[in-house]
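Breakdown of the fold
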Amino acid sequence: MPEARRRLYIAYGSNLNLEQMSKRCPTAKVVGTAVMRNWCLLFKSVATVERFKGGKVPVLVWELQPKDEKALDVYEGYPRFYRKESVRVRLSGKQVRAMVYIMNDGHPVSPPCTSYYNTIREGYLSAGFDLRILREAAEKSREEESHD
């Protein structure tokens, strides 16, 4: 495959789940873990990230084939529900640019359903990520929803 077709993708939610991604994007490969610095994880029923000074979100970086990206576009509801942005993360000691899906504006904060949360939790566990970040994001969404 020519290098120009290589597309790096940052997963922070259910696409951390290796089993789920193997079905959705069978030719995608994990190339490493990274941290989105100055971002936070939050739930608006499903996961998204927002800029937040001092925050950090652990992520898996995938290498996608064009058909994998098309499958993700459908799954993520691109461009209506999620948009694509390019962000920098440190991967294997080097700064790289990778695509990330970020939820479009207008969706209220609300907690995830249990099965969706557990799908992400499995991804956190298999990647060795700190579960506290996931738990805090879910808890914050429950607190914000109860204040509305």
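Coordinates for the structure precede this section.
Read on for a plain summary of the structure. (Residues numbered from 1 in each chain as written. Predicted model: local features only at pLDDT ≥ 70, side-chain atom pairs only at ≥ 80, totals over all residues. Heavy atoms only, no water.)

Along the backbone of the protein chain there are four helices and five strands. Counting helices and strands in the order they occur from the N terminus, the protein chain gives β-α-β-β-α-β-β-α-α. The C-alpha atoms of the protein chain give 15 Å as radius of gyration, which agrees with the globular expectation for 148 residues (15 Å, within 12%). Each principal axis of the C-alpha distribution contributes one length, and for the protein chain these read about 50 × 30 × 25 Å. When burial is assessed residue by residue, the protein chain has 48% of its 148 residues classed as buried. (Helix = DSSP H or I, 4+ residues; strand = E, 2+ residues; numbered from the N terminus. Rg over C-alpha atoms; globule rule 2.2 N^0.38 Å. Buried < 20%, exposed > 50% of the residue type's maximum accessible area, 1.4 Å probe, protein only.)

Right, let's talk about the packing of helix α3 (residues 114–127) against helix α4 (residues 131–147) for a bit. Contact geometry of α3 with α4 gives a least axis separation of 9 Å together with a crossing angle of 160°. In terms of axis orientation, α3 runs roughly antiparallel to α4. Seen from above, α3 lies across α4 with right-handed handedness. Side by side, α3 and α4 meet where Y117, I120, R121, Y124 and L125 of the first sit next to L131, I133, L134, R135 and A138 of the second. (Axes fitted to C-alpha atoms, helices over the stretch in contact; angles between N-to-C directions. Parallel < 35°, antiparallel > 145°, perpendicular 65-115°, else oblique. Left-handed = near helix turned anticlockwise from the far one by under 90°. Contact = heavy atoms within 4.5 Å.)

What follows covers the nonpolar core. Across soluble globular proteins, you tend to see nonpolar side chains buried next to one another. Membership of the largest hydrophobic core comes to 44 residues, with the highest contact counts inside it found for Y9, Y12, M36 and Y124. Breaking this core down by element, the ones donating at least two residues are β1 (7–11), β2 (29–44), β3 (46–64), β4 (82–91), β5 (94–103), α3 and α4. No other element matches β3, which puts eight residues into this core. (Core = buried A, V, L, I, M, F, W, Y, C linked by side-chain atoms within 4.5 Å.)

Let's shift gears to the pattern of salt bridges. One pass over the full model with this rule turns up nine salt bridges. Between R7 and E69 there is a salt bridge whose closest N-O contact spans 3.0 Å. Of this pair, R7 sits in strand β1 while E69 sits in helix α2 (residues 66–76), and the two are 62 residues apart along the sequence. Note on R7: relative accessible area 31%, which makes it partly exposed. Between K23 and E19 there is a salt bridge, with its nearest N and O atoms 3.2 Å apart. Of this pair, K23 and E19 are both found in helix α1 (residues 18–24), four residues apart, which corresponds to roughly one turn of the helix. For K23, a relative accessible area of 63% gives the class exposed. Connected via shared salt-bridge partners are R7, E69, D73 and K84. (Salt bridge = Lys/Arg side-chain N within 4 Å of Asp/Glu carboxyl O.)

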